[in-house]
Amino acid sequence: MRKVLGQIALVWLVLPGDADAHDWYTGKTDPVIHYDCCGNKDCHPIDSNDVRMTKDGYFVRLHPAYLNESQEAEWFIPRERVQAAPDERYHICERLTTFYRTIIPHMKFETYQRYRWRCFFAPMSTGSIQPE
């Protein structure tokens, strides 16, 4: 009985920590197109080695798991769509989206899926955050 109570207590301690870690994404929207950033587990931190800053924005390198037949190797995030991260890490929100294309000459539609970014957060120390 004591072992079971100990396991329940451990689960109780772990679950709120996971929820709190994701809470700051909740309610955030893209500053330009105003889409919600987060749909449960769409947002996560990314390695700074996968991010390259330019004067116009950021390039985010994608990993091989993303690279299906129609996925680009990098995403470009315009400077005006970059938001401030609450920590010194980069974060991205992304969602698997379904697209349709016509197959000629049969005029049938083919569907395919690819990830699209929705929101991007950069550390304040990068100096790339637009003033509101």
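Note that the structure is predicted; figures quoted are calculated from it, not measured.

*Asks:* It is not clear to me how the environment of H34 should be interpreted in this structure. Could you clarify?
*Replies:* On the secondary structure map, H34 appears in the loop between α1 (2–23) and β1 (43–46). Assessed through its relative accessible area of 56%, H34 is described here as exposed.

*Asks:* Before we go on, may I ask you to explain the packing of aromatic side chains in this structure?
*Replies:* Working definition: an aromatic ring pair is given by the centre-to-centre distance plus the angle between the planes. Under the defined criterion, the tally for this structure stands at seven aromatic pairs. Aromatic ring contacts, followed pair by pair, group W24, Y25 and F121 into a single cluster.

*Asks:* Got a minute to help me understand the state of the cysteines in this structure?
*Replies:* Working definition of a disulfide: a covalent bond connecting the sulfur atoms of two cysteines. What the rule picks out here adds up to two disulfides. Linked covalently through their sulfurs, C37 and C119 form a disulfide whose S-S length is 1.9 Å. Its S-S torsion of about -80° marks the bond between C37 and C119 as left-handed, since a negative value means left-handed. With C37 in the loop between α1 and β1 and C119 in strand β7 (residues 108–122), the pair connects residues that are 82 residues apart, well separated along the chain.

*Asks:* I would appreciate a short explanation of the sheet that holds strand β6 (residues 90–103) in the present structure.
*Replies:* Backbone-to-backbone hydrogen bonds pair the strands of a sheet. The strands run either parallel or antiparallel. Sheet architecture is open: four strands sit in the order β1-β6-β7-β5, paired in mixed fashion. Strand pairing shows two members of the sheet lacking a second neighbour, β1 and β5 (82–84), which therefore form its edges. Neighbour to neighbour, the strand axes of the sheet diverge by 40° on average, direction disregarded. Bridging between β6 and β7 involves 13 bridges; their strand directions are antiparallel. When the sheet's bridge partners are listed, T98 is paired in β7 with Q113.

*Asks:* What exactly am I supposed to notice about the sheet that holds strand β3 (residues 57–61) here?
*Replies:* Reading across from one edge, β2-β3-β4 is the order of the three strands in this open sheet, with antiparallel pairing throughout. Each edge of the sheet is formed by a strand with only one pairing partner; in this case those strands are β2 (51–54) and β4 (74–78). Each adjacent strand pair in this sheet contributes to an overall mean axis angle of 20°, direction not counted. Across four bridges, β2 lies against β3 in antiparallel orientation. Pairing of M53 across the sheet is with Y58, part of β3.

Cut-offs applied
- Residues numbered from 1 in each chain as written.
- Predicted model: local features only at pLDDT ≥ 70, side-chain atom pairs only at ≥ 80, totals over all residues.
- Heavy atoms only, no water.
- Helix = DSSP H or I, 4+ residues; strand = E, 2+ residues; numbered from the N terminus.
- Buried < 20%, exposed > 50% of the residue type's maximum accessible area, 1.4 Å probe, protein only.
- Phe/Tyr/Trp six-rings, centres within 6.5 Å; stacked < 30°, edge-to-face > 60°.
- Disulfide = S-S within 2.5 Å.
- Pairing = 2+ DSSP bridges.
- Axes fitted to C-alpha atoms, helices over the stretch in contact; angles between N-to-C directions.

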